[in-house]
Amino acid sequence: MDKLNCSFLPRFQPTLLLLLSCIFGLSLGTELSFVTCGSVVKLLNLKHNVRLHSHDVRYGSGSGQQSVTGVTAVEDSNSYWSVRGTSDAFCHRGTPVKCGQTIRLTHVNTGRNLHSHYFTSPLSSNQEVSAFGEEGEGDHLDEWTVQCGGSVWKREEAVRFRHKATDALLSVTGEQYGRPIHGQREVHAMSSPSQHSLWKAMEGIFMKPSESPAGSRDYSHPHTEF
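Residues numbered from 1 in each chain as written. Predicted model: local features only at pLDDT ≥ 70, side-chain atom pairs only at ≥ 80, totals over all residues. Heavy atoms only, no water.

Asks: With reference to specific residues and values, describe the pairing of strand β2 (residues 40-45).
Replies: Along β2, six of the six residues are buried, which leaves the element largely enclosed by surrounding structure. Here β2 shows a buried face lined by Val40, Lys42 and Leu44 and a second buried face lined by Val41, Leu43 and Asn45. Looking at chain direction, β2 and strand β5 (residues 81-84) are connected through two bridges and run antiparallel. Paired with Val40 across the strands is Ser82, a residue of β5. Summarising the sheet, β2 and strand β13 (residues 199-207) pair through five bridges and their orientation is antiparallel. Looking at β13, one finds that Leu44 is bridged to Lys200. Here β2 runs beside strand β3 (residues 50-58); their pairing, made up of two bridges, is antiparallel. Following the sheet pairing, Asn45 is matched in β3 by Val50. (Buried < 20%, exposed > 50% of the residue type's maximum accessible area, 1.4 Å probe, protein only. Helix = DSSP H or I, 4+ residues; strand = E, 2+ residues; numbered from the N terminus. Pairing = 2+ DSSP bridges.)

Below you can see the structure in the form of structure tokens.
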């Protein structure tokens, strides 16, 4: 497994993942069928087969904020995102993310949140998507609503992410960057739903819902950050 460098969380070594899974209820396999708050995931755009990615490279135009792209590489630690609640709605770790719920996606290696605004994207002239904030804290433009077909976000289903403030959908249409990020795809936001805006949760570390002694679900049980 590639290294997760959690700059906005206490650091850990990948060799501890199996131990943490036993102690804190993490799922490293496929037995958990839905995405939960506190999970760290990679998101695949189904149309273009690229994973949502960011890195400490800023746009040369538009907002000048940290760029967000799509990459074909599967093993890249810069493609991990932490699923979090908003500043107004806390998301207890292990709670299944509901369809229609508003979340933040925080880039693990830089601590900046997936973000959008009315700047124009550099290649396609759609709406720019960037990474913004420091140590996991930004502003209301970091909020995205999960659009899916059932009651919760299932790992095997295609979902969309609608930017709450501008009503645009997280999308990829295939435009590729040159240097210094040659071959990476532009990620942007578009007003209309299409095959370009479908995403699926792939590799990751999924927080399991905890069980109370009585056997009922207890979603408020705290886990230690990893």
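Asks: Just give me the short version of the pattern of salt bridges, but keep the residues and values in it.
Replies: In this structure the tally under the stated criterion is seven salt bridges. The residue Glu203 makes a salt bridge to Arg51 at a minimum N-O spacing of 2.8 Å. Of this pair, Glu203 sits in strand β13 while Arg51 sits in strand β3, and the two are 152 residues apart along the sequence. Residue Arg51 is classed as buried on the basis of its relative accessible area of 6%. Residue Arg84 pairs with Glu137 through a salt bridge whose shortest N-O separation is 3.1 Å. Pair noted here: Arg84 is in strand β5 and Glu137 is in the loop between β8 (127-132) and β9 (144-147), with a separation of 53 residues, a long-range link. Salt bridges sharing common partners tie together Asp56, Arg112 and Glu134. (Salt bridge = Lys/Arg side-chain N within 4 Å of Asp/Glu carboxyl O.)

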